[in-house]
Amino acid sequence: MTGQRTISVLGATGSIGASTLDLVRRNPDAFRVVALTANAQAAELAALAREFRAEVAVVADEARLPELREHLAGSGVEAAGGPTALVEAAARGADITVAAIVGCAGLAPTMAAIEQGKVIALANKEALVSAGEVMTAAVARTGATLLPVDSEHNAIFQCLQGNDAANVRWITLTASGGPFRDWPAERLALATPAEAVKHPNWSMGAKISVDSATMMNKGLEFIEAFHLFPVGVERLRIIVHPQSIVHSMVEYRDGSTLAQLGPSDMRVPIASALAWPARMDTPCAPLDLAAIGELTFRAPDETRFPATRLAREAVTAGGSAPAVLNAANEIAVAAFLAGQIAFTDIAENAARVLDSMNDFSAPGSLDDVILVDRAARARTRETMELAH
Ligand code: NDP
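About the thresholds
- Residues numbered from 1 in each chain as written.
- Predicted model: local features only at pLDDT ≥ 70, side-chain atom pairs only at ≥ 80, totals over all residues.
- Heavy atoms only, no water.
- Helix = DSSP H or I, 4+ residues; strand = E, 2+ residues; numbered from the N terminus.
- Rg over C-alpha atoms; globule rule 2.2 N^0.38 Å.
- Buried < 20%, exposed > 50% of the residue type's maximum accessible area, 1.4 Å probe, protein only.
- Pairing = 2+ DSSP bridges.
- Axes fitted to C-alpha atoms, helices over the stretch in contact; angles between N-to-C directions.
- Salt bridge = Lys/Arg side-chain N within 4 Å of Asp/Glu carboxyl O.
- Phe/Tyr/Trp six-rings, centres within 6.5 Å; stacked < 30°, edge-to-face > 60°.
- Lys NZ or Arg CZ within 6 Å of the ring centre and 35° of its normal.
- Right-handed = clockwise from strand over helix to strand, strands pointing away.
- Near = heavy atom within 4 Å.
- Polar contact = N/O pair within 3.5 Å; in protein donor to acceptor, adjacent residues only side chain to side chain.
- Contact = heavy atoms within 4.5 Å.
- Disulfide = S-S within 2.5 Å.

### Describing the overall build of the chain
Turning to step 1, where the next piece is worked out: Of regular secondary structure, the chain possesses 18 helices and 11 strands.
Turning to step 2, where the next piece is worked out: At 20 Å, the chain has a C-alpha radius of gyration in line with the 21 Å of a compact globule built from 388 residues.
Turning to step 3, where the next piece is worked out: Taking the principal axes of the C-alpha coordinates as reference, the chain spans close to 55 × 50 × 40 Å.
Turning to step 4, where the next piece is worked out: Sorting the 388 residues of the chain into buried and exposed places 54% on the buried side.

Shown next as structure tokens:
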């Protein structure tokens, strides 16, 4: 990498935020921090903003602004709060914006960053799943560069370099299968939040950990891949790979399969996006395949884990169906984490909500997507009430 670039991290206090800032910390000359944001962890955000001498720190939850101000007093870092401030911070036009807010809450700030026409390193898959063509059209219109941070999509992005997408036979997303991949169906209903967030290979935020356990994460990634790599839904498939070493693969028409391998550490794909098209060092240990010994693969089981089927159906239905699926899943995951519904109710609720909606007209704007998201959240809450 050459020259210093400005960077903003939306969701700086989260798991992806921490991995990103670890790389920034190790490369102090390469980056200058513009905006760091969080939802409610004001003290943690202030500490990061001081450490990285950010221009501005923003809490989405405006009630936490006084606390943020207090912690930033005398630091020279601007403090701001609320959804509008979050969007304004994202629109400051850093050379690279890491979109790492969890859930559709990240959509408006991510779109504001896209409008600046710079580089967006996208971890916040729910934003792309919900907005779909609205986001990809904004990327095309503004000339922004959307670099995938999700390890699978980052792998695919790398495997596609220098190749013509017309020659792709298959894009294969790998899935660890999550902590319950070997559990019998009858045990799944009893899975607890503590068990669900204990991912075998990755250390991640609570929501994506539950999504990995239900396989909805792979479903959302399927939809994400559909938008990022326009080869058509029929050329996308999923395979379970418990070791999480092969992060995804692209098979070409001549029978060549290119795969990207790496440790299960998000700093690898984040570094790939931060340095793109160059490369940068990471502190990750080199891959020791002899020590790993075996890489195994198996077909997904959509009977025990129906989420990937729901995602395929939603993306095939098109329009607002993926946004509805995402919103239903967000509400159901929160209810599961709060102990209100069983693990297996997450996908069941999402399926019920999708079945209950008969209009999947395509949203034409960010506001339309936000309206669909709100309506689907309300419908999911009603559906969950009815089921109890
Ligand atoms: P975390 O839960 O660890 O962090 C989420 C971040 O978003 C925090 O900074 C949080 O702030 C902020 N946030 C939460 N809710 C809101 C809101 N309503 N408005 C504004 N900010 C909010 O999540 P992860 O880092 O695990 O995941 C972030 C995104 O990256 C997700 O979309 C996930 O799917 C994706 N991803 C994550 C991977 C991982 O390894 N973790 C791998 C691949 C993709 P606060 O701390 O104040 O709550």
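Picking up where we left off.
### Some remarks on the sheet that holds strand S8 (residues 168-175)
Turning to step 1, where the next piece is worked out: Spatial strand order, S9-S8-S10-S11: four strands in an open sheet with mixed pairing. Each having just a single partner strand, strand S9 (236-240) and strand S11 (257-261) make up the two edges of the open sheet. Going across the sheet, the axis of each strand differs from the next one's by a mean of 20°, ignoring polarity.
Turning to step 2, where the next piece is worked out: In this sheet, S11 lies alongside strand S10 (residues 246-252) in antiparallel orientation, the contact comprising five bridges. In the sheet register, Val 250 faces S11, and the bridge partner there is Leu 258.

### Quick word on the pattern of salt bridges
Turning to step 1, where the next piece is worked out: Scanning the entire structure with this criterion turns up 26 salt bridges.
Turning to step 2, where the next piece is worked out: With a shortest N-O distance of 3.3 Å, Glu 55 and Arg 92 are connected by a salt bridge. Note that Glu 55 is positioned in the loop between helix H2 (42-51) and strand S3 (56-59) and Arg 92 in the loop between helix H4 (83-90) and strand S5 (96-99), a separation of 37 residues in sequence.
Turning to step 3, where the next piece is worked out: Note on Glu 55: relative accessible area 30%, which makes it partly exposed.
Turning to step 4, where the next piece is worked out: Two residues, Glu 221 and Lys 125, come together in a salt bridge whose shortest N-O distance is 3.1 Å. Taken together, the residues span a long stretch of sequence, with Glu 221 in helix H12 (residues 216-228) and Lys 125 in helix H6 (residues 125-131) at a distance of 96 residues. As far as burial versus exposure is concerned, Glu 221 and Lys 125 are alike and both buried.

### Observations concerning the packing of aromatic side chains
Turning to step 1, where the next piece is worked out: Within this structure, the stated rule accounts for four aromatic pairs.
Turning to step 2, where the next piece is worked out: With a centroid separation of 5.0 Å and 90° between ring planes, the pair formed by Phe 180 and Phe 343 is classed as edge-to-face. Highlighted residues: Phe 180 in the loop between S8 and helix H9 (185-188) and Phe 343 in helix H17 (residues 343-356), separated in sequence by 163 residues.
Turning to step 3, where the next piece is worked out: With a relative accessible area of 4%, Phe 343 lands in the buried category.
Turning to step 4, where the next piece is worked out: Within the aromatic cluster, the residues linked to one another by ring pairs are Phe 180, Trp 183, Phe 336 and Phe 343.
Turning to step 5, where the next piece is worked out: Here the basic side chain of Arg 187 rests over the ring of Trp 183, its NZ or CZ set 3.5 Å away from the ring centre.
Turning to step 6, where the next piece is worked out: Here the basic side chain of Arg 237 rests over the ring of Trp 170, its NZ or CZ set 4.1 Å away from the ring centre.

### Looking at the pairing of strand S1 (residues 5-10)
Turning to step 1, where the next piece is worked out: Within S1, five of the six residues are buried, leaving the element largely enclosed by the surrounding structure.
Turning to step 2, where the next piece is worked out: With five bridges connecting them, S1 and strand S2 (residues 31-38) associate as parallel partners. Among the inter-strand pairings, Arg 5 is bridged to a residue of S2, identified as Phe 31.
Turning to step 3, where the next piece is worked out: The parallel pair S1 and S2 is bridged by helix H1 (residues 15-26), and the resulting crossover is right-handed.
Turning to step 4, where the next piece is worked out: With four bridges connecting them, S1 and S5 associate as parallel partners.

### Description of the site of the ligand
Turning to step 1, where the next piece is worked out: Taken together, 25 residues are adjacent to the ligand, and Thr 13, Ser 15, Ala 40, Gln 41 and Glu 126 come closest.
Turning to step 2, where the next piece is worked out: Secondary structure elements with two or more residues in the shell around the ligand: H1 and H6.

### Notes on the side chain of Thr 214
Turning to step 1, where the next piece is worked out: Within the secondary structure layout, Thr 214 lies in helix H11 (residues 206-214).
Turning to step 2, where the next piece is worked out: By relative accessible area, Thr 214 is classed as buried at 5%.
Turning to step 3, where the next piece is worked out: From its side chain, Thr 214 meets the backbone nitrogen of Met 216 in a polar contact 3.0 Å long.
Turning to step 4, where the next piece is worked out: Those residues in contact with Thr 214 that sit more than four places away from it in its chain are Phe 305, Ala 307, Phe 343 and Ile 346.

### What to know about the sheet that holds S5
Turning to step 1, where the next piece is worked out: In spatial order, the strands read S4-S3-S2-S1-S5-S6-S7; together these seven strands make up an open sheet with parallel pairing. Each end of this open sheet is capped by a strand with a single partner; those strands are strand S4 (78-81) and strand S7 (145-148). With direction set aside, neighbouring strand axes in the sheet form an average angle of 20°.
Turning to step 2, where the next piece is worked out: Relative to strand S6 (residues 119-122), S5 runs parallel, the two sharing four bridges. Looking at S6, one finds that Thr 97 is bridged to Ile 120.
Turning to step 3, where the next piece is worked out: Each of S3 and S4 touches helix H3 (residues 65-72); the most contacted strand, S4, lies at about 170° to it.

### What to know about the pairing of S10
Turning to step 1, where the next piece is worked out: Burial within S10 is extensive, with seven of its seven residues counted as buried.
Turning to step 2, where the next piece is worked out: Here S8 pairs with S10 via five bridges, running antiparallel. The residue bridging Ile 171 from the neighbouring strand is Val 250, located in S10.
Turning to step 3, where the next piece is worked out: Counted between consecutive antiparallel strands, the loop separating S10 from S11 contains four residues, among which Gly 255 sits at a positive phi close to 95°.

### Description of the state of the cysteines
Turning to step 1, where the next piece is worked out: Across all of its chains, the model carries zero disulfides by this definition.
Turning to step 2, where the next piece is worked out: The cysteine Cys 159 is free of any disulfide, with Cys 284 supplying the nearest cysteine sulfur at 18 Å.
Turning to step 3, where the next piece is worked out: Note on Cys 159: relative accessible area 5%, which makes it buried.

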